[in-house]
Amino acid sequence: MCGIVGYVGSRDAAPLLMEGLARLEYRGYDSAGLAIHDGKEIGIRRAPGKLRVLSRLLERKPLSGTLGIGHTRWATHGRPSEENAHPHRAGRVVVVHNGILENHSELRQRLEKKGRRFTSQTDTEVFAHLIDEELGRKPLEEAVRRALRYVRGTYALAVLCADQPDRIVATKNASPLVVGLCQNENLVASDVPAILEHTRKFVFIEDGELALVQAGRVKIQTPDGKPVRRRSRHIGWSPLMAEKGGHKHFMHKEIHEQPRALADTLTGRVLRDSADVHLDSVKLRVRDLKNLSRIVIVACGTSWHAGLVGKFLIERFARIPVEVDLASEFRYRGPILSDRDLVVAISQSGETADTLAAVREARKLGARVLCICNVMDSGIPRTSDHVLYTHAGPEIGVASTKAFVTQMAALFLLAVRLGRARKTLSEKEARKQLAALAAAPEHIERILKNEPHIQEIARAFHTTKAFLFIARGINYPIALEGALKLKEISYIHAEGYPAGEMKHGPIALIEKDVAVVAVATKNSTYEKVLSNLSEVRARDGQVIAICNQRDKKIETYSPHLLPVPATLDTVEPLLTILPLQLLAYHIANFNGTDVDQPRNLAKSVTVE
Ligand code: F6R
C-alpha cells in the first residue's frame, strides 16, 4: 500500500527520505510528503502526483533538519490531493500512516465535538488528533500508546512531536514496519527496500509493539509498555529482491498479500455485532435499492470472473436478476437499460478502455453506475455515479490475484447490503454470512501454508500439454479464472468449463496427457463433480482436485489433492482460487517464463 520512511541521526534528513521514497515508487502512489524537524519546529511539504512534484516544491521551499518522516500515499479515504497527502499535523503532533482505520468516522465526530478542526478527508488525521489529545507533558511514546486504545483497524504509523525533537515513535497492526539499525543514526520504514542502502541490520516490529527510535538507541515495547528484546536480522537481499519483499516475483508477493488485502477491503464495512454492511461512498438510498429491477455487471478478464461470482451472490441474497456482460461486447449489442437498472462495472486499474466505454454507454442510456475499483480517482470511478473501492493495494504483477479476491469480497458486501435493504436476506442469515466472510483471511493464511505441497504438484505437472479446469455453481468462475491464470503466465493451453458441460464436448479431449483440475468441495454439487471425475478417470485423464480437508472419499479419485478449509458455499471462491493461483505460479516458475510480465500482455488495457 502506501510507503513510510523515517530518519533520526546527524545527516540532512530530507534528501535521505526522498531517496527512500523513490525506492518505494515501484509500488505505485498518488501523492507524497515529508515532515522535517529542524530542532525548533516541524516543517511539512506535501504534493499530489509524483515525487518530482514534491522535489520541485522542496527546491522552492526547502526543509532542513536531522529528524524526519516521509510518505507516499495510495489514496483510500479522500482523493489524491495536497490536503489529503501525509504527513498530517494536529497541534504538536505529526503523523504518517499506512493502512485503514475502521472506526475513524465515530472518532472524528467525537473529536470534532471537543472542538478539534480537521483539514483533510483522511482517516489518518484522526490519529494525529488522538495523540495530540493525549500528549500533555508525556513522552511521545506514552501518548501514542494511550491513543491506540481508541482505534480499530490496520496501521503502520510513524509519529513526530514538535517539542520532542530527538525521536520517532512507530507502531503497527497488520501493516508492515521495520527499524533499520545504524551507527549513531536509525531509520524506520514500511518496507526494507526504502532503507536498504543505509543498513542491512533490521528489526521487524510485531503487531501492537511500539518502537522508540532515537539516533543512539532503539527501544521496543509491548502494548503494555514492557521492554521487548529482539535480535536484529541481517538482510542480504539485492535491491530488486527487496522490492519484492524477498519474493522471487511480484505475483508471488501479491498472492501472499491476500489475507491483508481482503481484511483491508472488509475493514470498516462489515458492521460489528450487526447483520449489515456499511458501503462508504455508495450513496444509493434504501428506496433506490428496493426499486431496482435488474443489475448488469460489466467487466473484462479476471474482473469479469469476479462479476460471475457476484451474480451468484446477488441473486442468492437479494433476489434481483443479474446479467454479466463482457465490457467489450456490451455496447455493440445495443443494450437495453433503464433508470431502474444498476450497472456494476468492475475494474482493478479503473482505466480499461472497454469497461470505461461500457460505463459511458450505460449512463447515456439512463442507468446508474456503481463501480468496484482498486485505483482511486482513476477513469472509471470518475465516470461512475458510485464507487466501492477494493483495498488490495497496488498490484504490479500483470496477472491479477489480490485484486480478484478483493473484488469478490466487495461484491459479497454489495450483495448483503442489497439483500438487507430489500428484506430478502434475514438478519440471522446475514450475520452467518458475514461471520464466514470475516473468517476468510485466516482461512487463506492456512491455504498459503500448504504452498510446498502445491509446488510439488506443480513440479509433477509442469510439462503437461493441456489443462481443463472444471467446477459447478459458484465455483464455475473459479475454474475460468484458474485456467486464465495458468494460460497467461505459463503459456500452456488451459480451458475453464462448467463441469456439467464436459460431456457436451470437452470430454473428447480427455486422455492421459491431459490434466483435469476440478473444484470438488463438499457443497451441494459435490457428488455431481465426483461423477464428472469418474468420467475423466475412465478415460485415463489425470485429476488434480481442490477439495475440503480430511475428505477421504476424494482420495479414490486422485492422489493430487489441494485442500481448503470448509466454509459456506458463498465464501468458497475466496478460498478455492488460492491453490489455483499458486499452481499456475509454480508451473510457470518451473518453466521459466516471465511471470510478472507475460508476453503480449499489459497490466492496464487502455486500448480497445
Ligand atoms: C488477468 C488480468 C486481466 C484483467 C483485465 C481487466 O490476470 O489481469 O484479465 O483482469 O484486463 O483489467 P481491469 O480489472 O484493470 O479492468
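Since we're looking at a predicted model, the values are computed, not measured.

The next point concerns the pairing of strand β2 (residues 31-37). Most of β2 sits inside the fold, with seven of its seven residues counted as buried. By the alternation rule, side chains of β2 split into S31, G33, A35 and H37 and A32, L34 and I36, which are all buried. By the bridge criterion, seven bridges tie β2 to strand β3 (residues 42-48) in an arrangement that is antiparallel. Its bridge partner being in β3, S31 is matched across the sheet by P48. What sits between β2 and β3 in their antiparallel hairpin is a turn of four residues, with G39 showing a positive phi close to 100°.

Moving on, we come to the sheet that holds strand β4 (residues 67-73). In space, the eight strands of this open sheet follow the order β3-β2-β4-β1-β10-β9-β11-β14, with antiparallel pairing throughout. Bordering the open sheet on either side are β3 and β14 (233-234), each of which pairs with just one other strand. Inspection of the sheet shows strand β1 (residues 3-8) paired to β4 by six bridges, in the antiparallel sense. Paired with G3 across the bridge in β4 is T72. Its contacts with the sheet place helix α2 (residues 51-60) against β2, β3 and β4, and it is angled at close to 140° to β3.

Pairing between side chains of opposite charge can happen when the charged atoms of each approach one another. Under the defined criterion, the tally for this structure stands at 40 salt bridges. With a shortest N-O distance of 2.9 Å, E257 and K253 are connected by a salt bridge. No difference in accessibility class separates E257 from K253, as the two residues are buried. The shortest N-O distance in the salt bridge between R285 and D288 comes to 3.2 Å. Judged by its relative accessible area of 47%, R285 falls in the partly exposed class. Ionic contacts of the salt-bridge type, sharing partners, join the residues K114, R116, D132 and E133 into one network.

By nearness alone, 15 residues border the ligand, and S303, S347, S349, T352 and E488 come closest of all. In this structure, an oxygen atom belonging to the ligand sits 3.4 Å away from a main-chain N or O atom of V398. E488 has a polar side-chain atom sitting 2.6 Å from an oxygen atom of the ligand. Within the complex, 88% of the 410 Å² of free accessible area of the ligand lies under protein. Broken down by class, the residue content of the shell around the ligand amounts to five nonpolar, eight polar and two charged. Counting the residues that make up the shell around the ligand, at least three belong to each of domain 2 (252-438) and domain 3 (450-591).

The next point concerns the domain arrangement of the protein. Looking at the protein, the domain boundaries give domain 1 (3-243), domain 2 (252-438) and domain 3 (450-591). Here the C-alpha centroids of domain 1 and domain 2 sit 33 Å apart. Between domain 1 and domain 2, the contact holds 17 residues from the first and 14 residues from the second. Summing both sides of the interface, domain 1 and domain 2 together bury roughly 1,400 Å²; the carbon and sulfur share of this comes to 62%. Looking only at domain 1, the three residues that lose the most surface to domain 2 are W74, I100 and E102, adding up to 40% of its buried area. Run the count over domain 1 and domain 2 and you get one residue pair in polar contact (both at pLDDT 80 or more). Taken together, the residues that form the side of domain 1 that touches domain 2 break down as six nonpolar, six polar and five charged.

Here we take up the nonpolar core. Taken as a class, soluble globular proteins show a tendency for nonpolar side chains to be buried jointly. In terms of nonpolar packing, the biggest core is built from 91 residues, with I295, V344 and F467 touching the most fellow members. Counting only domains with at least three residues in this core, you end up with domain 2 (252-438) and domain 3 (450-591). Excluding its chain neighbours within four sequence positions, the residues that come into contact with V344 are I295, V296, I297, V298, L370, I372, L411 and L414. Of all hydrophobic cores here, the second largest spans 30 residues; its members include A13, L17, L51 and A194.

Right, let's talk about the environment of H104 for a bit. Mapped onto the fold, H104 is located in helix α3 (residues 104-113). Once the C-alpha coordinates of H104 and I44 are considered, the two residues, 60 residues apart in sequence, prove to be 23 Å apart. H104 has contacts with H77, D123 and V126, leaving out every residue within four places of it along the chain.

Reading the values: rules and limits
Residues numbered from 1 in each chain as written. Predicted model: local features only at pLDDT ≥ 70, side-chain atom pairs only at ≥ 80, totals over all residues. Heavy atoms only, no water. Buried < 20%, exposed > 50% of the residue type's maximum accessible area, 1.4 Å probe, protein only. Helix = DSSP H or I, 4+ residues; strand = E, 2+ residues; numbered from the N terminus. Pairing = 2+ DSSP bridges. Contact = heavy atoms within 4.5 Å. Axes fitted to C-alpha atoms, helices over the stretch in contact; angles between N-to-C directions. Salt bridge = Lys/Arg side-chain N within 4 Å of Asp/Glu carboxyl O. Near = heavy atom within 4 Å. Polar contact = N/O pair within 3.5 Å; in protein donor to acceptor, adjacent residues only side chain to side chain. Areas by Shrake-Rupley, 256 points an atom, 1.4 Å probe, with all protein chains shown as cover. Nonpolar A, V, L, I, M, F, W, Y, C, P; charged D, E, K, R; others polar. Domains from an automatic or database assignment. Buried area = accessible area lost by both parts, 1.4 Å probe. Core = buried A, V, L, I, M, F, W, Y, C linked by side-chain atoms within 4.5 Å.

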